[in-house]
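Chain by chain, the residues:
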Amino acid sequence: MSIEIRLSGFIFLFIIITNIASNKFGYKTFGDVDSKAKLQEINTYPKKFKISFVLILVEHISIMSLAVTLFIAFSPYNIILGIVWIVSRIGEALIQIYDKKNYWGLLNIANKYSDTSGAGRDTLIDLARSILKTKDSRFTFAQILFSIGTLAYSLLFVTYGVVPPFIGWFGIVASILYGFGNGIFRLKPNIKPLWNLGGLLILLFEIILGGWLLFFGIIP
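The following paragraphs examine the structure supplied in this document.

### Side note on the overall build of the chain
Here comes step 1: Across its full length, the chain holds 7 helices and 0 strands.
Here comes step 2: Counting from the amino terminus, helix and strand elements in the chain follow one another as α-α-α-α-α-α-α.
Here comes step 3: Here the chain has a C-alpha radius of gyration of 19 Å; the compact-globule value for 220 residues is 17 Å, and the two agree.
Here comes step 4: With respect to the principal axes defined by its C-alpha atoms, the chain has extents near 65 × 35 × 25 Å.
Here comes step 5: In the chain, buried positions account for 44% of the 220 residues.
Here comes step 6: Relative to all contacts within the chain whose residues are 6 or more apart in sequence, the contacts with residues 24 or more apart total 80%.

Structure representation (structure tokens):
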């Protein structure tokens, strides 16, 4: 069992844990957020906002690390698929990291909001709303790259039998549904069920794959 395989499994699970933890501290990965309520929340619990920010940043950095460890472990089987997933998943992470400089700005906006009244508050609320909407837009685009990257290594898993077949096929189905659902949502924001289903399948896939790589993964 190579260290890169076990490390990949650990990082898969670590990413899930940090994402869940960031949400527990107030970070919302995607979806409508009341910008006024968000500013009030940040102003009341600034420490929670900072912790959630650090956790989600660690999650994004971990995605890049995962892309690299998977590439080292499995790209010798198919270098083209390896390049596809490392470029896609690192691109996904970089897009979200880039957006975090704007998201961090909510802390300063929240501080100004508490010391402002009247029309000034409305301006700050609108600014916060713009940041949150931009975050969502960049997230949905980043998830296209996520789907491509996940499909690439799932195809490799199935083609070369480096994981049990059901895991590889599970990843193929989940990534296609997730990517297709994301595309539909971008065209018609009111239609989200397929993307939600794909997201649930992706979560199960990454838990199963991460656990298998960590505890049972070997290079045949």
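### Quick word on helix α2 (residues 35–44)
Since the α-helix turns once every 3.6 residues, residues separated by three or four places project in the same direction.
Here comes step 1: When we look at burial in α2, the residues that qualify are Ser35, Lys38, Leu39 and Ile42. For α2, the arc enclosing every buried residue in end-on projection is 100°, short of the 170-degree limit, so these residues lie on one face.
Here comes step 2: Residues of α2 that are buried sit in contact with α3 (46–74), α4 (79–114) and α5 (119–160).
Here comes step 3: You can read the cap of α2 off the contacts: a side-chain oxygen lies 3.0 Å from the backbone nitrogen of Lys36, and it is on Asp34.

### A closer look at the packing of aromatic side chains
How two aromatic rings sit relative to each other is set out by the distance from centre to centre and by the angle between their planes.
Here comes step 1: Under the counting rule described, the total for this entry stands at 18 aromatic pairs.
Here comes step 2: Summarising the aromatic geometry, the rings of Tyr77 and Tyr160 are spaced 5.6 Å apart at their centres and angled 50° between planes, so their arrangement reads as tilted. Placement of the pair is Tyr77 in the loop between α3 and α4 and Tyr160 in helix α5, with a sequence separation of 83 residues.
Here comes step 3: Judged by relative accessible area, Tyr160 falls into the partly exposed class, the value being 34%.
Here comes step 4: Geometrically, the ring pair formed by Phe170 and Phe205 is edge-to-face, given 6.4 Å between the ring centres and 65° between the ring planes. Of this pair, Phe170 sits in helix α6 (residues 165–187) while Phe205 sits in helix α7 (residues 193–215), and the two are 35 residues apart along the sequence.

Criteria and cut-off values
- Residues numbered from 1 in each chain as written.
- Predicted model: local features only at pLDDT ≥ 70, side-chain atom pairs only at ≥ 80, totals over all residues.
- Heavy atoms only, no water.
- Helix = DSSP H or I, 4+ residues; strand = E, 2+ residues; numbered from the N terminus.
- Rg over C-alpha atoms; globule rule 2.2 N^0.38 Å.
- Buried < 20%, exposed > 50% of the residue type's maximum accessible area, 1.4 Å probe, protein only.
- Contact = heavy atoms within 4.5 Å.
- Arc of directions from axis to C-beta.
- Polar contact = N/O pair within 3.5 Å; in protein donor to acceptor, adjacent residues only side chain to side chain.
- Phe/Tyr/Trp six-rings, centres within 6.5 Å; stacked < 30°, edge-to-face > 60°.

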